[in-house]
Amino acid sequence: MAKDYQLIIFDWDGTLMDSIGRIVSSMQATAKALQLPVPLAEAVRDIIGLSLEPAIGRLFGNLSTADYERFLQVYRDQYVELDTTPTPLFTGVRSMLTELSQRGYQLAVATGKARRGLDRVLVESELQDFFSVTRCADETRSKPEPHMLHEIMACTGVSAAATLMIGDSIHDLKMAQAAGVDALGVDFGAHSSAQLLPYQPRHILSDWSQLLAYLDEQNVRSRV
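1. Examining helix 3 (residues 52-60)
Stage number 1. Of all the positions in helix 3, only Ala 55, Ile 56, Leu 59 and Phe 60 are classed as buried. Taken around the axis of helix 3, the buried residues stretch over an arc of 100°, which confines them to a single face. Exposed and oriented more than 90 degrees from the buried face of helix 3 are Glu 53 and Arg 58.
Stage number 2. Among the structural elements, helix 1 (20-33), helix 2 (41-47) and helix 4 (65-82) are those in contact with the buried residues of helix 3.
Stage number 3. Gly 61 sits one or two residues past helix 3 and shows a positive phi near 80°.

Next up, the structure:
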């Protein structure tokens, strides 16, 4: 069934920003610094999109409160200051967001980042003015719980039927399913098409120009 969307919600890491490599290397460097078992890159990719507490728990088990706080500090230092792995926007992101804004879509972000981290990269990338609402993992329940999407829809006044979620991980798609929201996957982030397909995205994008084509097709079909 064709849809006429009003609100488009984006994940951040691995969806708008090519930050997977830095997350992996920073997580591995943190484990090494704290003398914890160093996780494989695939294991780190699988937790991207979750908030840090459940992500750390999946990778390293239950840490004491003191060890958890120490892990957070070392990881933040690694990611923000020490790791030099580039984190550019994916090709076409800025022009895609500009076109969507000009077409009148409301745009939002639902991310596993903490608020401080998202605010920093929004300013650095100069994308902050595109998004009317953003939700972070330290403000509500972690993906794949639906609360981020429910809160964004409440703020914008847009129904689930008119909302589209776009993300690179199974956690994004599970969240969309839990919220009753349509979703698109992207195949250039944490998870492959084969991993995303079981969670029934309406389409999987391989580059950002395909989103505009997809929306154009939906708009035409909704008016037939």
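2. With respect to the side chain of Asp 11
Stage number 1. Mapped onto the secondary structure, Asp 11 falls in the loop between strand 1 (7-10) and helix 1.
Stage number 2. Judged by relative accessible area, which is 3%, Asp 11 ranks as buried.
Stage number 3. For Asp 11, the side chain forms a polar contact with the side chain of Thr 15, separated by 2.9 Å.
Stage number 4. Setting aside its immediate chain neighbours within four residues, Asp 11 contacts Leu 16, Ala 110, Thr 111, Lys 143, Met 165, Ile 166, Gly 167, Asp 168 and Asp 172.

3. Thoughts on the packing of aromatic side chains
Stage number 1. Inspection of the entire model under this criterion finds six aromatic pairs.
Stage number 2. Both rings, one in Phe 10 and one in Phe 131, keep their centres 6.5 Å apart while their planes meet at 70°; by these two values the pair is edge-to-face. Remark: Phe 131 occurs in the loop between helix 6 (115-125) and strand 3 (133-135) and Phe 10 occurs in strand 1; sequence separation between them is 121 residues.
Stage number 3. Residue classification places Phe 131 among the buried positions, given a relative accessible area of 9%.
Stage number 4. Between Phe 60 and Phe 71, the ring centres sit 5.1 Å apart and the planes meet at 50°, which makes this aromatic pair tilted. Of this pair, Phe 60 sits in helix 3 while Phe 71 sits in helix 4, and the two are eleven residues apart along the sequence.

4. Examining unusual backbone geometry
Stage number 1. Pro 144 follows Lys 143 through a cis peptide bond whose omega is 10°.
Stage number 2. As for its placement among the helices and strands, Pro 144 is situated in the loop between strand 3 and helix 7 (147-156).
Stage number 3. Residues other than glycine seldom take positive phi values, yet Gln 35 does so here, at roughly 60°.
Stage number 4. With respect to the helices, strands and loops of the structure, Gln 35 is situated in the loop between helix 1 and helix 2.

5. A closer look at the pairing of strand 5 (residues 182-186)
The side chains of a regular strand alternate between both faces of the sheet.
Stage number 1. For strand 5, the buried fraction is high: five of the five residues fall into the buried class.
Stage number 2. Here strand 5 shows no split at all, with Asp 182, Leu 184 and Val 186 on one side and Ala 183 and Gly 185 on the other all buried.
Stage number 3. Considered for its hand, the β-α-β crossover made up of strand 4 (residues 163-167), helix 8 (residues 170-179) and strand 5 is right-handed.

6. So, the packing of helix 3 against helix 4
Stage number 1. At a minimum axis separation of 12 Å, helix 3 and helix 4 run at an interaxial angle of 105°. The angle between helix 3 and helix 4 falls in the class roughly perpendicular. Across from Leu 52, Glu 53, Ile 56 and Phe 60 in helix 3, the residues of helix 4 making contact are Tyr 68, Phe 71, Leu 72 and Tyr 75.
Stage number 2. Counted by class, the contact of helix 3 with helix 4 contains seven nonpolar, no polar and one charged residues.

Conventions adopted
Residues numbered from 1 in each chain as written. Predicted model: local features only at pLDDT ≥ 70, side-chain atom pairs only at ≥ 80, totals over all residues. Heavy atoms only, no water. Buried < 20%, exposed > 50% of the residue type's maximum accessible area, 1.4 Å probe, protein only. Helix = DSSP H or I, 4+ residues; strand = E, 2+ residues; numbered from the N terminus. Arc of directions from axis to C-beta. Contact = heavy atoms within 4.5 Å. Polar contact = N/O pair within 3.5 Å; in protein donor to acceptor, adjacent residues only side chain to side chain. Phe/Tyr/Trp six-rings, centres within 6.5 Å; stacked < 30°, edge-to-face > 60°. Right-handed = clockwise from strand over helix to strand, strands pointing away. Axes fitted to C-alpha atoms, helices over the stretch in contact; angles between N-to-C directions. Parallel < 35°, antiparallel > 145°, perpendicular 65-115°, else oblique. Nonpolar A, V, L, I, M, F, W, Y, C, P; charged D, E, K, R; others polar.

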